[in-house]
Structures are given as C-alpha cells and as structure tokens.
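# Analysis of the macromolecular model
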Amino acid sequence: MPVDHYENFPVASILLPKRLVPAVEAIYAFARTADDIADEGDASGPERLAALSAYEAALDAIGRGEHQRDTLFRRLAEVIAQYKLPLPPFYDLLSAFKQDVDTKRYPTFELLLDYCRRSANPVGLLMLSLYGAVDDANVRDSDAICSALQLINFLQDVGIDRQKDRIYIPMDDLQRFGVAPAELDQHNTGGNWRALMAFEVARARALMQSGAPLARRLPGRIGWELRLVIQGGLRILEEIEKAGYDVFNQRPQLKMRDWMAILWRALRM
C-alpha cells in the first residue's frame, strides 16, 4: 500500500518493530481503502456510502467470528484476533469517512473535534492497543496528539480541500475574524486571514503540546516514534507561520533540514 498520503498514520517509520509490521499494514490497508472510497474517483455519493456500508458489514462479520473471503478483511480479522483489538475504532473511522461524503462545513470547533475523534483518534488507540499500552492517561494524550495532527493537516491543506468544496476551518471562526468563505477561492492572505490562521495554528499547537507527555511515558520504539510524530507536526505549524500563513501557494513540505531539526528536538524531549 502507498503510504505517502495518509498523514496521521506512522506506517513508514523504521522504528516500527518488525513483529508489528503485518498488523499495521492490515489496519492501514483498511483505513486507506475506506478513505479512498470516500474521497477518490468519480462515484456518486450514494455509491460511496453503500461501499462504506459494505465495510461495516464486513466488520460485523468479523465481530461474529465469521470467515472472511476477501484478503483485506481476512488479514484484518487475523490481526484483530491476535492482538484482541477493539472493533469500535474501526467503526469510528468508517463513520468519519461517511461524514466526508456529505458534510462539507463545520459550524463550530466542537463539531470539528468530534470529526477528529472519529477520523484520527482511532489510529492512536489502535497503535496503543498493539503495544499493550492502553490506559486512561495514555488514551487521553493520544487523542490530543491525533486530533492535533488532523487539525494541522486541515491547516496545510486549506487550498486542496477547497477544491473538493470542503472547509475544515470552523465557520464561526471565519465569521469572527471576518473571512468570507469566498476568500478561500481568491487565495486572499490579507490581515484577517493571517489573524485567523494564527489563531488556528496556536490552538493546534496547544493541543499537540497537551498530549506530548505521552511520548516521554511510553518506553522504547513507540516512545521515539511518537516523539518524531509530535515534532513533525509542530514543525509543519512553524512552516505555516514562516510562509505568512499562505498555505495556498506555499503548502508546507518538510525537507532534510526540517527532519534534522525534528530529530534534534525529539532527542531533547
């Protein structure tokens, strides 16, 4: 599976233990293909929803212990059984992907966070489950990190999402800072836009930092993996700021110097 366009999933890291690679690949294949059903191709809305409902039916069958003929779901069933993974995170992901089909705006930050709870947080919970590190404090901080990563992804992809008629900046924030949705089409990066983005960046950074203690609590490879993920997200926020919040023409891309800084900061954590 290609791993270059699912930003919240730490699949490609060399820090991932080899014993967990098949499990992560199975989970990733489920998430990637379901996400593509919601986002890619020319299918109609009802067709997308029907295909995602078929994924839900497959999860139902896995929950009943039924044999899966499809390779993707057979491997997923094996991983769920081997690691005793909870099923709700998989249903939550599908719920978020279904929402992508017909929800293009979010009136409030609370509603956007609810979407993040289902589109991003399940990834962290499943990774904690694979490592046997699920407890209340870890899940709380993992949720903060995953939601922050999702928000950061939204901020760097404002222009790309707008081409799909999606706006992931809360509408009440746009109104508060005097930015009309039409200005996103005009790539207007004036003072109101910069003030709005500065607010959104600061909120995402605070959320990420609130979950950062998790990386210091978790031992071994998962802790180091998480340090790099956290510092990578924070670095993207810095790049957005350095570009004057012009994410339309200067979408952040991490280069070698950025990765060196990320590694250094991860070590200092």
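In what follows, the structure referred to is the one given above.
Anyway, here's the lowdown on the structure attached to this text. It should be emphasised that the depicted structure is a prediction, and the values quoted were computed from it without experimental measurement. (Residues numbered from 1 in each chain as written. Predicted model: local features only at pLDDT ≥ 70, side-chain atom pairs only at ≥ 80, totals over all residues. Heavy atoms only, no water.)

## What to know about helix H1 (residues 21-39)
An α-helical segment advances 3.6 residues per turn. Residues three or four places apart therefore align on the same side. Let me state the cut-off plainly: Elements are defined by DSSP. Helices are runs of H or I of four residues or more, strands are runs of E of two residues or more, and each kind is numbered from the N terminus. For a helix, the expected span equals 1.5 Å multiplied by the number of residues minus one. Exposure is judged per residue with a 1.4 Å probe applied to protein chains only, and the accessible area is read against the type maximum: over 50% gives exposed, under 20% gives buried, and values in between give partly exposed. In what follows, residue pairs with any heavy atoms lying within 4.5 Å of each other are defined as contacts.
Taking 1.5 Å per residue, 19 residues should reach 27 Å; H1 reaches 26 Å between its end C-alpha atoms and fits that length. For H1, the set of buried residues is Ala23, Val24, Ala26, Ile27, Tyr28, Ala29, Phe30, Ala31, Arg32, Ala34, Asp35 and Ala38. Those residues of H1 hidden inside the fold are in contact with helix H2 (45-63), helix H3 (71-83), helix H4 (88-102) and helix H6 (121-130). Where H1 terminates, the next one or two residues include Gly41, which has phi positive at roughly 80 degrees.

## Regarding the packing of H1 against H2
Quick reminder of the rule: In this analysis, axes come from line fits to C-alpha atoms, helices being fitted only over the stretch in contact, and the angle between any two N-to-C directions falls in the range 0 to 180 degrees. Put simply, angles under 35 degrees are roughly parallel, angles over 145 are roughly antiparallel, angles from 65 to 115 are roughly perpendicular, and the rest are oblique. Throughout, a crossing is termed right-handed when the near helix is turned clockwise from the far one, and left-handed when it is turned anticlockwise from it by less than a right angle. When residue character is reported, Ala, Val, Leu, Ile, Met, Phe, Trp, Tyr, Cys and Pro are called nonpolar, Asp, Glu, Lys and Arg charged, and the others, Gly included, polar.
In the contact formed by H1 and H2, the axes pass within 8 Å of each other and the chain directions differ by 155 degrees. One finds that H1 runs roughly antiparallel with respect to H2. Once H1 is placed against H2, the crossing between them reads as left-handed. On H2, the residues that touch Phe30, Thr33, Ala34, Asp36, Ile37, Ala38 and Asp39 of H1 are Arg48, Ala51, Leu52, Tyr55 and Leu59. Within the contact of H1 with H2, the residues separate by chemical class into eight nonpolar, one polar and three charged.

## Structural notes on the environment of Asp185
If you trace the backbone, Asp185 turns up in helix H10 (residues 182-185). For Asp185, a relative accessible area of 47% corresponds to the partly exposed category.

## Quick look at the packing of H2 against H4
Contact pair H2 / H4: the axes reach a minimum separation of 10 Å and the direction vectors enclose 175 degrees. In this view, H2 runs roughly antiparallel relative to H4, as classed from their interaxial angle. Contacts between H2 and H4 pair Gly45, Arg48, Leu49, Leu52, Ser53, Tyr55, Glu56, Leu59 and Asp60 from the former with Phe90, Tyr91, Leu94, Phe97, Lys98 and Val101 from the latter. Of the residues assigned to the contact of H2 with H4, the class counts are nine nonpolar, two polar and four charged.

## Notes on the side chain of Arg32
Where we set the bar: Here a polar contact means two N or O atoms within 3.5 Å. Within protein one must be a hydrogen donor candidate and the other an acceptor candidate, and residues neighboring in sequence count only if both atoms are side-chain atoms.
Along the chain, the position of Arg32 falls in helix H1. Judged by its relative accessible area of 3%, Arg32 is buried. Of the polar contacts made by the side chain of Arg32, one reaches the side chain of Asp36; its length is 2.8 Å.

## Topic: the environment of Leu59
Among the structural elements, Leu59 can be located in helix H2. Setting aside residues up to four positions removed in sequence, Leu59 forms contacts with Phe30, Leu76, Leu87, Phe90, Tyr91 and Leu94.

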